[in-house]
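If you want the building blocks of each chain, they are given just below.
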Amino acid sequence: MKTVVAAVIVASGGRVLAAQRAEPAALAGGWEFPGGKVDPGEGEAEALVRECREELGVEIAVGERVGGDWPLSEGYVLRVWLCSLASGTPEPREHLALRWLGPDEYYDVDWLGADLPIMKSVESLLLRD
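Let us look at the structure shown here. (Residues numbered from 1 in each chain as written. Predicted model: local features only at pLDDT ≥ 70, side-chain atom pairs only at ≥ 80, totals over all residues. Heavy atoms only, no water.)

Remarks on the pattern of salt bridges
Counted by the stated rule, this structure contains eleven salt bridges. As a salt-bridge pair, Arg79 and Glu44 come within 2.4 Å of each other at their nearest N and O atoms. Of this pair, Arg79 sits in strand E6 (residues 76-87) while Glu44 sits in helix H1 (residues 44-56), and the two are 35 residues apart along the sequence. The residue Arg65 makes a salt bridge to Asp69 at a minimum N-O spacing of 2.9 Å. Judged by its relative accessible area of 32%, Arg65 is partly exposed. The class of Asp69 is partly exposed, set by a relative accessible area of 45%. The structure contains a network of salt bridges with shared partners spanning Asp39, Glu42, Arg50, Glu51 and Glu54. (Salt bridge = Lys/Arg side-chain N within 4 Å of Asp/Glu carboxyl O. Helix = DSSP H or I, 4+ residues; strand = E, 2+ residues; numbered from the N terminus. Buried < 20%, exposed > 50% of the residue type's maximum accessible area, 1.4 Å probe, protein only.)

Shown next, in the form of structure tokens:
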């Protein structure tokens, strides 16, 4: 089983950062939480920090895990964490666009199939606070 990690970057007011996929063609235009594959010998939190640095140009602080293992395509599992910005301003280095979504905008984007249930779980977590 290969692991993919994703960061739900949360800012003031419960805003979350969504990223619009540029590729592959089958996923292009859909919205997701930033992240990527864990490299061999790399820890999951370490991979999450690296991916956000590469994809967004930011440093993050990794917080609470969201749910358990989220199934992806054959042989992949997604693990998700709530994160905060430690430094930098996100920029779309590998995505078509980035968008901060407030609580009343969480579903204004076309979430990818794997990310929609994550957004629902995140919404529950953020609303409990």
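Remarks on the nonpolar core
Counting 22 residues, the largest nonpolar core has Val8, Val16, Phe33, Val80, Trp111, Ile118 and Val122 as the members making the most contacts within it. Contributing elements (two or more residues each) for this core: strand E1 (2-11), strand E2 (15-21), strand E5 (59-71), E6 and helix H2 (116-128). Examining the composition of this core, we find that five residues originate from one element, H2, more than from any other. One finds Ala7, Ile9, Leu48 and Leu56 within the second-largest nonpolar core, a separate group that totals 13 residues. (Core = buried A, V, L, I, M, F, W, Y, C linked by side-chain atoms within 4.5 Å.)

Concerning the layout of surface pockets
In this structure, the largest pocket encloses a volume near 640 Å³. Sorting the residues of the lining of the largest pocket by element identifies E1, strand E4 (35-37), H1 and E6 as the ones contributing at least two each. (1 Å grid on protein atoms, 1.4 Å probe; cavity = no way out; pocket = protein on both sides within 12 Å on 5 of 7 lines; lining within 4 Å. Points joined across faces, edges and corners; volume = space filled by probe spheres on them.)

Re H1
Between its terminal C-alpha atoms H1 stretches 18 Å, which fits the 18 Å expected from 13 residues at 1.5 Å a residue. Turning to H1, its buried residues number three or more, namely Ala47, Leu48, Val49, Arg50, Glu51, Cys52, Glu55 and Leu56. Where H1 ends, the next residue or the one after it, Gly57, has phi of about 70°, a positive value. (Expected span 1.5 Å × (residues − 1).)

Here we look at the packing of aromatic side chains
The full count for this structure, using the stated rule, is one aromatic pair. Seen from the ring of Trp81, Arg65 lies directly overhead, with NZ or CZ sitting 5.3 Å from the centre. (Phe/Tyr/Trp six-rings, centres within 6.5 Å; stacked < 30°, edge-to-face > 60°. Lys NZ or Arg CZ within 6 Å of the ring centre and 35° of its normal.)

Quick notes on the pairing of E2
Counting buried residues in E2 gives five out of seven residues, a clear majority hidden from the surface. Bridging between E1 and E2 involves two bridges; their strand directions are antiparallel. Bridging across to E2, Val10 finds its partner in Val16. In this antiparallel pair of consecutive strands, E1 and E2, the connection spans three residues, and Gly13 shows a positive phi of 75°. Examined bridge by bridge, E2 and strand E7 (residues 95-101) share six bridges and lie antiparallel to one another. (Pairing = 2+ DSSP bridges.)

A look at the environment of Glu32
Tracing the backbone shows Glu32 in strand E3 (residues 31-32). Judged by relative accessible area, which is 10%, Glu32 ranks as buried. Between the alpha carbons of Glu32 and Leu116 there is a distance of 8.3 Å; along the sequence they are 84 residues apart. The residues touching Glu32, leaving out its near neighbours within four places in the chain, are Ala18, Ala19, Arg21, His95, Trp111, Leu112 and Asp115. (Contact = heavy atoms within 4.5 Å.)

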